[in-house]
Amino acid sequence: MPAGPGRFSVTVAGKAAPGADGRGRRLSCTVVLAVAGALAAVTVGSLWLFPFRNDRADSAGAGPGGTPTPAGTAGGDHRSTGPIATASPVPARYLGTWEGQGTALDGSLPLGDFRLTVHQAAVGRELGTLHQTDQLGGVCDDVLTLKQVTNTQLVAVSRGARTNHSGCNPAPHTVRLTSVGEDLKYTADSSAEGNPVARLSKVG
């Protein structure tokens, strides 16, 4: 009968010779042992080959020394999936102390002296302070927190200091600082204050 797929068959051919009792001759011990040895070799070889392949497959995802490699790093891909903290340094041209006259309502309302101090900061950190002294000597201080750094300006959120008097605006608003030649332009998006604007010169 033909062997089915994946089966192992052995055929032993020899000349038929009657035995002493008239029956067919039995296979010699040598042939039987040879066939048994061949079957044993195939069986042992299969058992040896398959575990070896499994070991190779198991070690394919292992790092040096057999340590399992974390998912997503196979094939030399070492990209991190966790968040990476980045800082947005303030360009040197903005740093220092700046002073000038501020106005509101498209320049029709004088707001007095503006003194702005800018230091190095990352996004979300304190960028500096604005000290404003109006025509009557009243003082308001704002604290600026860096929001964004672009190629043309710094964007910050300005909030009134806790020590301010009641005449100062406590509501947070957006402030933009733009480099204009050697000066610094201050622009505040605060309708309650008439959208203050100031051109400041560096004094320190």
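Before reading on, note that the structure itself is shown above.
Reading the values: rules and limits
- Residues numbered from 1 in each chain as written.
- Predicted model: local features only at pLDDT ≥ 70, side-chain atom pairs only at ≥ 80, totals over all residues.
- Heavy atoms only, no water.
- Pairing = 2+ DSSP bridges.
- Helix = DSSP H or I, 4+ residues; strand = E, 2+ residues; numbered from the N terminus.
- Phe/Tyr/Trp six-rings, centres within 6.5 Å; stacked < 30°, edge-to-face > 60°.
- Disulfide = S-S within 2.5 Å.
- Axes fitted to C-alpha atoms, helices over the stretch in contact; angles between N-to-C directions.
- Contact = heavy atoms within 4.5 Å.
- Salt bridge = Lys/Arg side-chain N within 4 Å of Asp/Glu carboxyl O.
- Buried < 20%, exposed > 50% of the residue type's maximum accessible area, 1.4 Å probe, protein only.
- Core = buried A, V, L, I, M, F, W, Y, C linked by side-chain atoms within 4.5 Å.

Caption draft 1: Representation of the pairing of strand β4 (residues 139–149) within the structure. Relative to β4, strand β3 (residues 126–133) runs antiparallel, the two being bridged by seven bridges. Counted as the bridge partner of Thr 129 is Val 143 from β4. Where β3 folds back on β4, the antiparallel hairpin that results is connected by five residues, among which Gly 137 adopts a positive phi of roughly 95°. In terms of strand pairing, β4 meets strand β5 (residues 153–160) through seven bridges, oriented antiparallel. Bridge pairing links Gln 148 to Val 155 in β5. What sits between the antiparallel neighbours β4 and β5 is a turn of three residues.

Caption draft 2: How the structure looks around the packing of aromatic side chains. With the rule as written, the count across this model stands at one aromatic pair. For the pair Phe 114 and Tyr 186, a centre-to-centre distance of 5.6 Å together with 85° between the ring planes defines the contact as edge-to-face. Here Phe 114, found in strand β2 (residues 109–118), pairs with Tyr 186, found in strand β7 (residues 183–189); they are 72 residues apart in sequence, far enough to count as distant.

Caption draft 3: View of the state of the cysteines. Here the structure, examined in full by the defined rule, presents one disulfide. Paired by a disulfide, Cys 140 and Cys 168 hold their sulfur atoms 1.9 Å apart. Taking the torsion about the sulfur-sulfur bond, which here is approximately -90°, the covalent link between Cys 140 and Cys 168 counts as left-handed. Here Cys 140, found in strand β4, pairs with Cys 168, found in the loop between β5 and β6 (173–180); they are 28 residues apart in sequence, far enough to count as distant.

Caption draft 4: Broad picture of the sheet that holds β5. Pairing in this closed barrel of eight strands is antiparallel, and the strands run β1-β2-β3-β4-β5-β6-β7-β8 around the ring. Adjacent strand axes in the sheet meet at a mean angle of 30° when their direction is disregarded.

Caption draft 5: Examining the environment of Val 155 more closely. Of note, Val 155 is situated in strand β5. Counting along the chain gives 32 residues from Val 155 to Thr 187, while the straight-line C-alpha distance between them is 9.9 Å. Among residues more than four places away in sequence, those in contact with Val 155 are Thr 145, Leu 146, Lys 147, Gln 148, Thr 174, Val 175 and Arg 176.

Caption draft 6: How the structure looks around the pattern of salt bridges. Under the definition given, this model contains three salt bridges. The salt bridge partner of Arg 115 is Glu 99, with a shortest N-O separation of 2.0 Å. On the criterion of sequence distance, the pair formed by Arg 115 in strand β2 and Glu 99 in strand β1 (residues 96–104) is long-range, its members being 16 residues apart. Relative accessible area serves as the criterion here: at 37%, Arg 115 is assigned to the partly exposed category. A salt bridge links Arg 199 to Asp 183; the shortest N-O distance between them is 3.0 Å. Within this pair, whereas Arg 199 is found in strand β8 (residues 197–202), its partner Asp 183 is found in strand β7, the two being separated by 16 residues in sequence.

Caption draft 7: Here's a closer look at the environment of Ala 171. If you trace the backbone, Ala 171 turns up in the loop between β5 and β6. Sequence-wise, Ala 171 and Ser 190 are 19 residues apart; in three dimensions their C-alpha atoms are separated by 8.7 Å.

Caption draft 8: Fine view of the nonpolar core. Leu 116, Leu 127, Leu 177 and Tyr 186 are the most contacted members of the largest nonpolar core, which totals 22 residues. Where this core is concerned, the elements lending two or more residues are β1, β2, β3, β4, β5, β6, β7 and β8. Among the elements that make up this core, the one with the highest residue count is β2 (four residues). In contact with Leu 177, not counting residues within four places along its chain, are Tyr 94, Leu 116, Val 118, Leu 127, Thr 152, Gln 153, Leu 154, Leu 184, Lys 185 and Tyr 186.

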